[in-house]
Amino acid sequence: MKSADIRLVAVTGANRALVAALELAPEQMDFVASNAESLDEAETDEDARPRVIMAGDRVVGFLMYDAPRNDDEARIYRFMIDRASQGRGYGKAALREVLDEIIGLGHISHVSICYEPENEAARNLYRAAGFVEEGLDEDGEMIADLVLSGTDGRS
């Protein structure tokens with residue numbers, strides 16, 4: 001499976017259990033909330049946009065962001081690739097897909113993301129995509145921001 005075959009789809013009753021069953025490696029468990037918690041949160045947060053990361057017909061990851069209509073900032077606040085699917089370029093491809101989706105909304109000028117400072121894989125992924133670290137938030141997570149500009153929305 002090539003990373004080019006990655007696409008984002010909505011969470012549905014048919015794929016919800018598969019999303020909840022995705023796992024991180026033990027050393028990554030403290031880096032992101034569980035998918036079950038995130039799916040529960042999405043049901044009560046009208047701004048949440050949960051997405052299943054698909055590689056062909058397989059569920060390989062999950063992400064969630066918000067992009068309120070009255071704000072020019074989108075926030076990616078959940079992003080994970082299942083431990084069995086890591087290291088294949090799926091994270092990079094999924095990040096491209098979600099940024100394209102966000103750009104397509106038309107009202108967003110920058111995207112922020114938070115991650116644990118010791119999560120080097122996340123840091124490297126986001127830095128390679130153009131995110132710039134801005135410092136730690138009140139929970140001790142690193143905040144990184146990507147300014148969208150130009151004709152295709154990318155800086």
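Draft legend 1. Up close: the overall build of the protein. Assigned secondary structure in the protein consists of 4 helices and 7 strands. When its helices and strands are written in sequence order, the protein yields β-α-α-β-β-β-α-β-α-β-β. Here the protein holds 155 residues, and the buried ones make up 43% of them. Taking contacts inside the protein between residues at least 6 apart in sequence as the whole, the part at least 24 apart equals 60%.

Draft legend 2. Main features of the packing of aromatic side chains. Per the stated rule, a full pass over the model turns up 3 aromatic pairs. Judged by centre distance (6.2 Å) and plane angle (85 degrees), the rings of Phe79 and Tyr126 are edge-to-face. Linking Phe79 in strand S4 (residues 73–81) with Tyr126 in helix H4 (residues 120–128), this pair joins segments that are 47 residues apart in sequence. Tyr126 matches Phe79 in its accessibility class, with the two residues each being buried. Ring centres of Tyr115 and Tyr126 lie 5.3 Å apart, and the angle between their planes is 45 degrees; on these two criteria the pair is classed as tilted. In this pair, Tyr115 is assigned in strand S5 (residues 110–115) and Tyr126 in helix H4, connecting sequence segments 11 residues apart. Under the relative-accessibility criterion, Tyr115 is labelled buried at 4%. Accessibility expressed as a relative area gives 5% for Tyr126, which makes it buried. Taken together, the ring pairs connect Phe79, Tyr115, Tyr126 and Phe131 into an aromatic cluster.

Draft legend 3. Representation of the pattern of salt bridges within the structure. All told, the structure shown has 9 salt bridges when counted by the stated rule. For Glu41, the salt bridge is made with Arg78, and the minimal N-O distance between the two is 2.8 Å. Placement of the pair is Glu41 in helix H2 (residues 35–44) and Arg78 in strand S4, with a sequence separation of 37 residues. Here Arg78 falls in the buried class, since its relative accessible area comes to 14%. We note a salt bridge from Arg75 to Asp71, for which the minimum N-O separation is 3.4 Å.

Draft legend 4. Inspection of the side chain of Ser38 at higher detail. Topologically, Ser38 is positioned in helix H2. Note on Ser38: relative accessible area 0%, which makes it buried. A polar atom in the side chain of Ser38 sits 2.6 Å from the side chain of Arg78. Excluding its chain neighbours within four sequence positions, the residues that come into contact with Ser38 are Ala33, Phe62, Met64 and Arg78.

Thresholds, definitions, all that
- Residues numbered from 1 in each chain as written.
- Predicted model: local features only at pLDDT ≥ 70, side-chain atom pairs only at ≥ 80, totals over all residues.
- Heavy atoms only, no water.
- Helix = DSSP H or I, 4+ residues; strand = E, 2+ residues; numbered from the N terminus.
- Buried < 20%, exposed > 50% of the residue type's maximum accessible area, 1.4 Å probe, protein only.
- Contact = heavy atoms within 4.5 Å.
- Phe/Tyr/Trp six-rings, centres within 6.5 Å; stacked < 30°, edge-to-face > 60°.
- Salt bridge = Lys/Arg side-chain N within 4 Å of Asp/Glu carboxyl O.
- Polar contact = N/O pair within 3.5 Å; in protein donor to acceptor, adjacent residues only side chain to side chain.

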